Amino acid sequence: MRELAETILSKAGLRDAQRLLISPRRILATLYAFSICNRLSDCSSATGAIAGLYIEALIEGEQLDTSRLPSHIRVHVERALSEVEDAALRAPTSLYAQVGLDADLLARMGAVSLLSRGLVTRLRDFFALFAEALSYAYASDYIVYTKPAKSLIQVLKPHTIAMAKWAIEELSSLGISASIKAERTAGGLVAYIDIHECLGSRVSKLASVKPTNNCILYRLNYECALGTIEYELCIPESTRTR
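What counts, and where the lines are drawn
- Residues numbered from 1 in each chain as written.
- Predicted model: local features only at pLDDT ≥ 70, side-chain atom pairs only at ≥ 80, totals over all residues.
- Heavy atoms only, no water.
- Pairing = 2+ DSSP bridges.
- Helix = DSSP H or I, 4+ residues; strand = E, 2+ residues; numbered from the N terminus.
- Contact = heavy atoms within 4.5 Å.
- Axes fitted to C-alpha atoms, helices over the stretch in contact; angles between N-to-C directions.
- Phe/Tyr/Trp six-rings, centres within 6.5 Å; stacked < 30°, edge-to-face > 60°.
- Buried < 20%, exposed > 50% of the residue type's maximum accessible area, 1.4 Å probe, protein only.
- Disulfide = S-S within 2.5 Å.
- Salt bridge = Lys/Arg side-chain N within 4 Å of Asp/Glu carboxyl O.
- Arc of directions from axis to C-beta.

Just checking my understanding: could you explain the sheet that holds strand S1 (residues 176-185) for this structure?
Pairing between the strands of a sheet is mediated by backbone hydrogen bonds and can be parallel or antiparallel. Ordered by their spatial adjacency, three strands build an open sheet running S1-S2-S3, and the pairing between neighbours is antiparallel. The open sheet has two free edges, formed respectively by S1 and strand S3 (201-202), since each of these has just one partner strand. Taken strand by strand, helix H8 (residues 123-143) contacts S1 and strand S2 (188-198), and its axis lies near 145° from that of S2. In this fold helix H9 (residues 147-173) packs onto S1 and S2, with an angle of close to 145° to the strand it touches most, S1.

In this structure, what is going on with the sheet that holds strand S4 (residues 204-211)? I would like to understand it.
Strands sit in the order S4-S5-S6 across an open sheet of three strands; the sheet is antiparallel. Strand pairing shows two members of the sheet lacking a second neighbour, S4 and strand S6 (227-234), which therefore form its edges. Here the average twist between neighbouring strands, direction ignored, is 15°. Bridge count between strand S5 (residues 216-224) and S6: eight bridges; the pairing is antiparallel. Residue pairing in the sheet places Leu217 in a bridge with Cys234 of S6.

Explain the packing of aromatic side chains here, please?
The geometry of two aromatic rings is summed up by the distance between their centres and the angle between their planes. Tallied over the full model, the rule gives three aromatic pairs. On the basis of an interplanar angle of 55° and a centroid distance of 5.2 Å, the ring pair of Phe126 and Phe130 is categorised as tilted. Of the two residues, Phe126 and Phe130 are both situated in helix H8; the distance of four residues between them amounts to about one turn of the helix. Residue classification places Phe130 among the buried positions, given a relative accessible area of 6%. Look at Tyr192 and Tyr218: their rings are 6.1 Å apart centre to centre, the planes differ by 40°, and that puts the pair in the tilted class. With Tyr192 in strand S2 and Tyr218 in strand S5, this pair connects stretches of sequence that are 26 residues apart.

Quick question: what am I supposed to make of the environment of Leu101 here?
Secondary-structure assignment places Leu101 in helix H6 (residues 95-109). Put simply, Leu101 and Ile161 are 60 residues apart on the chain and 21 Å apart in space, counted from C-alpha to C-alpha.

I tried to follow the state of the cysteines on my own but got confused; where do I start?
Disulfide: a covalent bond connecting the sulfur atoms of a pair of cysteines. Taken as a whole and assessed by the stated rule, the structure comprises two disulfides. Bridging Cys37 to Cys43, the disulfide has an S-S length of 1.9 Å. Linked covalently through their sulfurs, Cys215 and Cys234 form a disulfide whose S-S length is 2.1 Å. One disulfide, between Cys215 and Cys234, carries an S-S torsion of -55° and so falls in the left-handed class. Residue Cys215 is located in the loop between S4 and S5, and its partner Cys234 is located in strand S6; the two are separated by 19 residues in the primary sequence. Judged by its relative accessible area of 8%, Cys215 is buried. For the protein, the bonded cysteines connect in the pattern 1-2, 3-4 when numbered consecutively along the sequence.

Where do I start with the pattern of salt bridges in this structure?
Side chains that differ in charge, positive against negative, can pair when their charged atoms come close. Going through the model one piece at a time under the given rule, you end up with 17 salt bridges. For Arg2, the salt bridge identified is with Glu6, shortest N-O distance 3.8 Å. Taken together, the residues Arg2 and Glu6, both in helix H1 (residues 2-11) and four residues apart, mark about one turn of the helix. Through salt bridges with shared partners, a single network forms among Arg25, Glu56, Asp104, Arg108 and Glu132.

Mind showing me how you'd approach H1 here?
Because each turn of an α-helix spans 3.6 residues, side chains separated by three or four positions end up pointing in the same direction. Of all the residues in H1, the buried ones are Ala5, Glu6, Ile8 and Leu9. An end-on view of H1 places all buried positions within 165° of arc, on one side of the element. Within H1, the exposed residues directed more than 90 degrees away from the buried face are Glu3 and Lys11. Summarising the contacts, the buried residues of H1 are in contact with helix H2 (17-20), helix H3 (24-38) and helix H4 (45-59).

So this is what it looks like as structure tokens:
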């Protein structure tokens with residue numbers, strides 16, 4: 001997938017593609033933005049791919065330099081980035097901001113995203129990974145902007161839920177009883193693998209919501225025979241408005 005994203009970005013005129021594609025989500029966001037724009041008559045796939053990369057980097061906490069972008073692309077990317085920064089307050093009007101945010105959504109929730117995150121060995125990281133994917137899958141009906149992304153979600157969402165169910169079956173064979181739980185919190189909709197029993201003993205669960213500057217955090221804490229399993233995620237709906 002990296003090779004495909006590098007080829008797309010290089011053909012779009014981005015020279016630093018290899019250096020900038022440093023995370024699975026950046027790679028997938030680039031590919032999904034390109035795919036979305038290919039299905040929209042008024043969207044440049046080259047500009048969309050670059051916007052997808054730059055928006056994903058911004059979401060990850062890095063502001064990429066736009067000065068070396070071709071001028072006809074830079075103007076759209078810079079406008080998109082400025083609107084993405086305010087997406088928690090108002091829905092973006094820039095098509096490329098919408099495409100980039102939809103690409104970020106798709107990069108978080110699909111089976112390919114789950115498989116591309118590398119080796120996950122700690123239970124905390126395992127449950128956090130599925131919590132993000134499931135939360136964005138369940139919230140996708142409310143936070144998507146473009147029609148092509150809606151079509152892609154119809155494919156990705158069932159795969160994500162199926163993978164979670166598959167993981168739950170395997171966890172059961174390892175002594176962990178769990179199920180998928182989707183609920184509305186004070187900060188929005190979340191979904192995750194909810195743990196019921198560990199090695200035959202019931203678990204103690206504590207959930208809390210905490211607002212931060214960039215998102216509303218949903219924290220889960222489980223105490224069981226395995227010890228403490230604790231993780232948090234940004235509630236998807238807190239980052240998008242309608």
